[in-house]
Amino acid sequence: MAKKIGFVNYDKEEPEKQKPSAKDSKVEVALDAYFSDESDSGRFTSEEIAYNLRDTLRVSTSQVFDYMSSHGYRLERVDDRLVWVVD
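Below, the structure is looked at part by part. Given the structure is predicted, the values throughout are model-derived calculations rather than measurements.

## Some points on a nonpolar patch on the surface
Right, on to step 1. On the surface, a cluster of nonpolar side chains totalling about 260 Å² of accessible area is made up of Phe65, Leu75 and Leu82.
Right, on to step 2. Here Leu82 shows up in strand β4 (residues 81–86).

Right, dumping it as structure tokens:
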């Protein structure tokens, strides 16, 4: 049963259909291609990665975070920024 608040519909039964995840095949393919060369380790934040992919595919920072954390990357603080580095 959907609950309507203002102009937004909130559906309690199917929240996963509303949020795309990093497991989406398009997101996985785009990020795999983006990181095929590991030389960018420690260079980009999640937001910068999503921004760099904008011409190919809209990817949220949450999707980037899910992908990176499940593919062997970890966050490291460099110059007051959290960047992704390869473990």
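## What to know about the environment of Phe35
Right, on to step 1. Tracing the backbone through its elements, the reader meets Phe35 in the loop between α2 (25–34) and α3 (46–52).
Right, on to step 2. Excluding residues within four positions of it along the chain, Phe35 makes contact with Ile49, Tyr67, Met68 and Tyr73.

## So, empty space enclosed by the protein
Right, on to step 1. Inspection of every chain in the model, using the stated rule, returns one cavity of 30 Å³ or more.
Right, on to step 2. What the largest cavity holds in volume is close to 30 Å³.
Right, on to step 3. If you go around the largest cavity, the residues you meet are Phe35, Asp40, Ser41, Phe44, Ile49, Met68, Tyr73 and Trp84.
Right, on to step 4. Among the residues making up the lining of the largest cavity, the classes are represented as six nonpolar, one polar and one charged.

## Details of the side chain of Thr45
Right, on to step 1. With respect to the secondary-structure elements, Thr45 resides in the loop between α2 and α3.
Right, on to step 2. Relative accessible area serves as the criterion here: at 15%, Thr45 is assigned to the buried category.
Right, on to step 3. Excluding residues within four positions of it along the chain, Thr45 makes contact with Arg81, Leu82, Val83 and Trp84.

## Observations concerning the nonpolar core
Right, on to step 1. Leu31, Phe35, Ile49, Val64 and Met68 are the most contacted members of the largest nonpolar core, which totals 13 residues.
Right, on to step 2. Mapped by element, the contributors of at least two residues to this core are α2, α3 and α4 (61–70).
Right, on to step 3. Those residues in contact with Val64, other than ones at most four positions away along the chain, are Leu31, Ser46, Ile49, Ala50 and Val59.

The rules behind these values
- Residues numbered from 1 in each chain as written.
- Predicted model: local features only at pLDDT ≥ 70, side-chain atom pairs only at ≥ 80, totals over all residues.
- Heavy atoms only, no water.
- Patch = residues over 30% accessible without salt bridge, like charges linked within 9 Å, V, L, I, M, F, W, Y side chains within 5 Å.
- Areas by Shrake-Rupley, 256 points an atom, 1.4 Å probe, with all protein chains shown as cover.
- Salt bridge = Lys/Arg side-chain N within 4 Å of Asp/Glu carboxyl O.
- Helix = DSSP H or I, 4+ residues; strand = E, 2+ residues; numbered from the N terminus.
- Contact = heavy atoms within 4.5 Å.
- 1 Å grid on protein atoms, 1.4 Å probe; cavity = no way out; pocket = protein on both sides within 12 Å on 5 of 7 lines; lining within 4 Å.
- Points joined across faces, edges and corners; volume = space filled by probe spheres on them.
- Nonpolar A, V, L, I, M, F, W, Y, C, P; charged D, E, K, R; others polar.
- Buried < 20%, exposed > 50% of the residue type's maximum accessible area, 1.4 Å probe, protein only.
- Core = buried A, V, L, I, M, F, W, Y, C linked by side-chain atoms within 4.5 Å.

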